[in-house]
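# Per-entry structural report
For reference, the chains in residue letters:
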Amino acid sequence: MRILIADDEAMIRMGLRAMLNDAGHQVVGTATNGHDAIALAQAAKPDVVILDIKMPEMDGLEAARQIMAKQPTAIVMLTAYSQRELVEQANEAAVFAYLVKPIKEELLAPALELARARFGEWTELRGEVASLQESLEARDVVEKAKRLLMQREGLGERQAFLKIHHRSRERRVPMRQVAEDILRKTKPDE
């Protein structure tokens, strides 16, 4: 995996880099604060970002939020604190795994794998949600166009639907596009 490390403690960064290199991963960059982590994440496009929660200038939680907003990536939160409140904040920031310092080498690999797997599931779910949203929006547009045809041309519901459907097939375009054309025009073309 290509991994970015962000921690303000040099010893932690060096130790993590050594563990990751020994495990066959590539460290694509290191940062000492959240601002640098965001910039490096955008530039290096890592598979996983390891962020310390407590860093100067911008903490890891805010960096995680911004990374997820700009270029979603699997994020592992790293901290010396295991307080419930921080775990909840990490979850809200779409963090996919959580490690408590000192990092044990035998726990690092499972945390990375978990983060990548959860990120894959999250990405898939986002795609499904977007697809469903698109379907609902298309259905709404077709329903509006159908109602307009029913009003303007005195068609029944089925007739209006079939008119949109036939135009869609004739023009070889989605029904949504036909419906949008109908809604844009003052009088639908025959």
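A quick note: this is a predicted structure, and the numbers were derived from the prediction, not measured. (Residues numbered from 1 in each chain as written. Predicted model: local features only at pLDDT ≥ 70, side-chain atom pairs only at ≥ 80, totals over all residues. Heavy atoms only, no water.)

Moving on: the packing of helix H1 (residues 10-22) against helix H5 (residues 105-153). Between H1 and H5, the least distance of the axes is 11 Å, while the angle of their chain directions is 70°. The angle between the axes of H1 and H5 places the two elements in the roughly perpendicular class. Only Glu105, Leu108 and Leu112 of H5 make contact with H1, whose side of the interface consists of Leu16, Met19, Leu20 and Asp22. Its residues placed into classes, the contact of H1 with H5 shows five nonpolar, no polar and two charged. (Axes fitted to C-alpha atoms, helices over the stretch in contact; angles between N-to-C directions. Helix = DSSP H or I, 4+ residues; strand = E, 2+ residues; numbered from the N terminus. Parallel < 35°, antiparallel > 145°, perpendicular 65-115°, else oblique. Contact = heavy atoms within 4.5 Å. Nonpolar A, V, L, I, M, F, W, Y, C, P; charged D, E, K, R; others polar.)

On to the pairing of strand S1 (residues 2-6), then. In terms of residue burial, S1 counts as a mostly covered element, since four of its five residues are buried. Of the strand pairs in this sheet, S1 and strand S2 (residues 26-31) are connected by five bridges, and their pairing is parallel. By the bridge assignment for S2, Ile5 is matched with Thr30. Handedness of the crossover joining S1 and S2 through H1 is recorded here as right-handed. (Buried < 20%, exposed > 50% of the residue type's maximum accessible area, 1.4 Å probe, protein only. Pairing = 2+ DSSP bridges. Right-handed = clockwise from strand over helix to strand, strands pointing away.)

On to the packing of H5 against helix H7 (residues 175-184). Where H5 contacts H7, the axes come no closer than 8 Å and their chain directions differ by 45°. Taken together, the axes of H5 and H7 lie oblique to each other. As for how H5 packs across H7, the hand of that crossing is left-handed. Facing H5, whose interface residues are Glu134, Glu137, Ala138, Val141, Val142, Lys144, Ala145, Leu148, Leu149 and Arg152, H7 presents Met175, Arg176, Ala179, Glu180, Ile182 and Leu183. Its residues assigned to classes, the contact of H5 with H7 comprises ten nonpolar, no polar and six charged. (Left-handed = near helix turned anticlockwise from the far one by under 90°.)

Grouped together as the largest cluster of nonpolar side chains are 41 residues, with contacts concentrated most on Ile50, Leu51, Ile75, Leu108 and Leu112. When sequence neighbours within four positions are dropped, the list of residues in contact with Leu108 reads Leu16, Met19, Leu20, Ile50, Leu99 and Ile103. In this structure, Val141, Ile164, Val173 and Val178 belong to the second largest nonpolar core, which totals eleven residues. (Core = buried A, V, L, I, M, F, W, Y, C linked by side-chain atoms within 4.5 Å.)

Summarising the model, the protein chain shows a mean pLDDT of 88, and 92% of its residues fall at 70 or more. For the protein chain, per-element mean pLDDT is lowest for helix H4 (residues 84-92), which scores 68, and highest for S1, which scores 96. (pLDDT = per-residue confidence, 0-100.)

Right, let's talk about the pattern of salt bridges for a bit. Applying the stated criterion across every chain, the model contains twelve salt bridges. Salt-bridge contacts for Arg176 lead to Glu134; the nearest nitrogen and oxygen are separated by 2.8 Å. Of this pair, Arg176 sits in helix H7 while Glu134 sits in helix H5, placing them 42 residues apart in sequence. A relative accessible area of 41% places Glu134 in the partly exposed class. Two residues, Glu137 and Arg176, come together in a salt bridge whose shortest N-O distance is 3.9 Å. (Salt bridge = Lys/Arg side-chain N within 4 Å of Asp/Glu carboxyl O.)

Moving on: the environment of Ala6. Residue placement: Ala6 occurs in strand S1. Residue classification places Ala6 among the buried residues on the basis of a relative accessible area of 0%. In the structure, Ala6 is positioned 57 residues away from Ala63 in sequence and 9.8 Å away in space, judged by C-alpha atoms. Beyond its immediate stretch of four places on either side in the chain, Ala6 contacts Ala31, Ala37, Ile50, Leu51, Asp52 and Met55.

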